[in-house]
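Structural features, examined
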Amino acid sequence: MNTKTFTFVALSLGLFISACSFFAKKDQVNRFPSSDGIMLAGLDGWKSTEENKQLWQEYCVGDSTAADIPRFRYENPNPMVQKAVENIKKVSDKSYFLYTEVEEVYGLRELGSKKDSKKPLIKPAYEIPAGVSLLSNAYLVILCGEFRDRATMIQEKLNWIANLYKLPTQPQSSFGSIDPEKSPWSQMSAHSYSAFLQFSRALWFARQPQTPAVNLGTFSVRGAVEGMSVCQMKYIFTKYIHPGVAFDSISSYETGFADFKTKCSTDDVSDYYSFRGDTNFKPYSPEGNAMLFRGRFMASLCKNPSQTKKPDIVSDADCKSYYTSPFQSRWAAARAGLAAWMFYDPKHESVFSNTKSQLTMFLHFDGANRPLNFATGTSAEDPSVGSIHEKNFSSDWLKQIQNGDYQMNDIGFNKFVKMGASDMNSQLAYTRIKNAVDRHTDWYTSGYNDLKTKRSGTQAYSPFVASSYEMYESNGFVNCGITIPCIPSEHDDRKHWMFVFRVKGENWYRTQDLQKARPIDFSRMWFDETSFGTTGLAIKEHAWDRLGTAVEGEYDSILYLHNITTSGTVADDGLPQ
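One structure accompanies this document, and this report is about it. (Residues numbered from 1 in each chain as written. Predicted model: local features only at pLDDT ≥ 70, side-chain atom pairs only at ≥ 80, totals over all residues. Heavy atoms only, no water.)

**Re helix H2 (residues 49-59)**
Condition: Throughout this description, buried means an accessible area under 20% of the type-specific maximum (1.4 Å probe, protein chains only), exposed means over 50%, and partly exposed covers the range between. Here a helix means four or more residues in a row that DSSP labels H or I, a strand means two or more in a row labelled E, and each is numbered from the N terminus. Note: the arc covers the axis-to-C-beta directions of the helix. Any pair of residues with heavy atoms lying within 4.5 Å of one another is described as a contacting pair.
Asn 52, Leu 55, Trp 56 and Tyr 59 are the residues of H2 that are buried. Across the axial projection of H2, the buried residues extend over an arc of 100 degrees, all falling on one side. Turning to H2, the residues buried within the fold contact strand E1 (60-61), strand E2 (71-72), helix H3 (79-88), helix H5 (134-146) and helix H6 (151-162).

**Here we look at the pairing of strand E13 (residues 464-468)**
It is a general feature of regular strands that their side chains alternate between the two faces of the sheet. Our working rule: Here a strand pair is declared whenever DSSP counts at least two bridges between the two strands.
Taking burial as the measure, the five residues of E13 include five buried ones, the bulk of the element. Alternating residues of E13 divide into Phe 464, Ala 466 and Ser 468 and Val 465 and Ser 467, and every residue in both groups is buried. As judged from the five bridges shared by E13 and strand E17 (residues 543-547), these two strands associate in the antiparallel manner. Within E17, the residue paired with Val 465 across the bridge is Arg 546.

**Focus: helix H12 (residues 316-324)**
Each turn of an α-helix holds 3.6 residues, which means side chains three or four residues apart point in the same direction. Considered for burial, the residues of H12 that qualify are Asp 318, Cys 319, Tyr 322 and Tyr 323. Along H12, the residues classed as buried sweep out an arc of 120 degrees about the axis, all on the same side. Buried residues in H12 make contact with helix H4 (100-105), H5, helix H11 (289-301), strand E7 (302-304), strand E8 (307-308) and helix H13 (326-342).

**Side note on the sheet that holds strand E9 (residues 359-363)**
Applied cut-off: The axes are straight lines fitted to the C-alpha atoms, using for helices just the contacting stretch, and the angles between their N-to-C directions are given from 0 to 180°.
With mixed pairing, the four strands of this open sheet are ordered in space as E10-E9-E11-E12. Of all strands in the sheet, those with a lone pairing partner are strand E10 (373-376) and strand E12 (455-457), marking the two edges. If you compare each strand with its neighbour and ignore which way they point, the axes differ by 20 degrees on average. The pairing of strand E11 (residues 446-450) with E12 spans three bridges and is antiparallel. Bridged to Asp 450 within E12 is Arg 455. Against the sheet, H11 makes contact with E9, E11 and E12, and its axis sits at roughly 35 degrees relative to E11, the strand it touches most.

**A short note on the environment of Tyr 344**
What counts, and what does not: Polar contact is defined as a pair of N or O atoms within 3.5 Å, subject to the rule that within protein one atom must be able to donate a hydrogen and the other to accept it, and that residues adjacent in sequence are counted only when both atoms are side-chain atoms.
Residue placement: Tyr 344 occurs in the loop between H13 and helix H14 (349-352). Separated by 88 residues in sequence, Tyr 344 and Arg 432 place their C-alpha atoms 9.2 Å apart. Engagement of the side chain of Tyr 344 in a polar contact is seen with the side chain of Glu 349, the distance being 2.8 Å.

**Some details on the packing of H2 against H6**
For any two helices packed against each other, one specifies the inter-axial angle together with the distance between the axes. Put simply, the test is: In this scheme the handedness of a crossing depends on how the near helix is turned from the far one: anticlockwise by less than a right angle means left-handed, clockwise means right-handed.
Interaxial distance between H2 and H6 falls to 8 Å at its minimum, and their mutual angle equals 35 degrees. For the element pair H2 and H6, the recorded crossing hand is left-handed. Facing Asn 52, Leu 55, Trp 56 and Tyr 59 of H2, the residues of H6 in contact are Ala 151, Thr 152, Ile 154, Gln 155 and Leu 158.

**A word on the packing of H11 against H12**
Definition in use: Under this scheme an angle from 65 to 115 degrees is roughly perpendicular, one under 35 degrees roughly parallel, and one over 145 degrees roughly antiparallel; angles in between are oblique. Nonpolar residues are Ala, Val, Leu, Ile, Met, Phe, Trp, Tyr, Cys and Pro. Charged residues are Asp, Glu, Lys and Arg, and all others, Gly as well, are polar.
Here H11 crosses H12 at 140 degrees, and the two axes come no closer than 11 Å. When the axes of H11 and H12 are compared, the pair comes out oblique. Between H11 and H12 lies a crossing of left-handed hand. For the pair formed by H11 and H12, the contact residues are Arg 294, Gly 295, Met 298 and Ala 299 on the first element and Asp 318, Cys 319, Tyr 322 and Tyr 323 on the second. Taken together, the residues that form the contact of H11 with H12 break down as five nonpolar, one polar and two charged.

Right under this line is the structure:
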């Protein structure tokens, strides 16, 4: 062996050993509080154990720090809570999809087996308010359980439900003039829903020719088409939707908006709306599959939050570990997958960049400390849960993570691409984000293998969740058939949900932002799928992709579309309005 070869091997071996040592040294990770395994970085807003417990007990009954089954605190006099409870009474049982295994682990549904038909829900020993269905109660119990380590999300989602608007069958004219001080969604008739979808689409396509290309190194890529701010939405409802006026021209629109804009608050001008159509409503909504898999897989293996039903696969301790820190576990699982998608060794470029090439992620329980390993091709290559292979990851990034970069909100990405530096690699940054959003939207060869829980699939893995920033494209998901099978006993011939998010303009990340070398924060930013993506679906869906789930401050409203049939006809569903 010559000197150069020996030096290279020694350095490579040393780098690998250092990286493995980093992943093994959990005690060196900056934690708060350490006993809960809650990361200071990776997602801001964590409260201390005592602060979280106090907030949790405002909404839930039990012990937020224990792996037990809670109940919802219906007796909370907070007007927001009472409004949420009243609104949840409006929801048809056929608009929920809570996952049977999750209902079972929380003692809400009788235990069954794969051979059984779904067992019935169990009536709780405590009294629930009149009009609250067993499924609605199950939603609230699971919400308390699956977010017990992040009570601010329970508060956020209850406030979201308090802003649930079941679009009424009354004519739009019955609302009188639009009040710009109120949410436009609270002033929308079911009759206006289709008109708004058409307007949303027309405005987006009118703006598209105005959007110049963006140069990133030697690449010339699409720029992001302007979205609809909160102020713009109020203008659209006032000038177009309420009086029943169709979109005319972009010049007319912009002239009218220039005057209207002067009446809007600074936040209404700078904040944007995005939309996620869905067939079902669950406590996890709108978490992406990487988070959902962790919650569902654990529920399928635990008899209750502290006891396993498959001791050959998981232990009682595994169940307790998840159910004392469930949100953290799911969030960490998504970050671990994103890290693998961002920092793979360049030799795997042809697989990651081609959505027709099979890629398998190996899921594990330790996402707070290390990324997922992966294999390319149809067969698993050394699928060890307990190690991260240097041959799969960029050596530059492996050096960084020894300094704690994995725990940061960018997972080390800004340093990896030298963001803002004179030698910044903008093409590398663009390529990694492009590949990630392409694989999210076209995920049919992005598989997973959870070696611990024995679950696997050849497709549908992604650390991202998406929403469209023009509602028309999200409307395709409000009926059963695409994401949820149309089972007559479980679904009806109705539209269901349009989730509305309010996103800070600074958190919308576009190719224009990368051109300006804006640093990336994966815990907050929504990546413009249309300007970064290159697949047909990425171009078509006019979407934003963000890590894991929307977080506090981003849940604006819920449009319940149950008074509209799947064909678009407005018809009262006969349930409370």
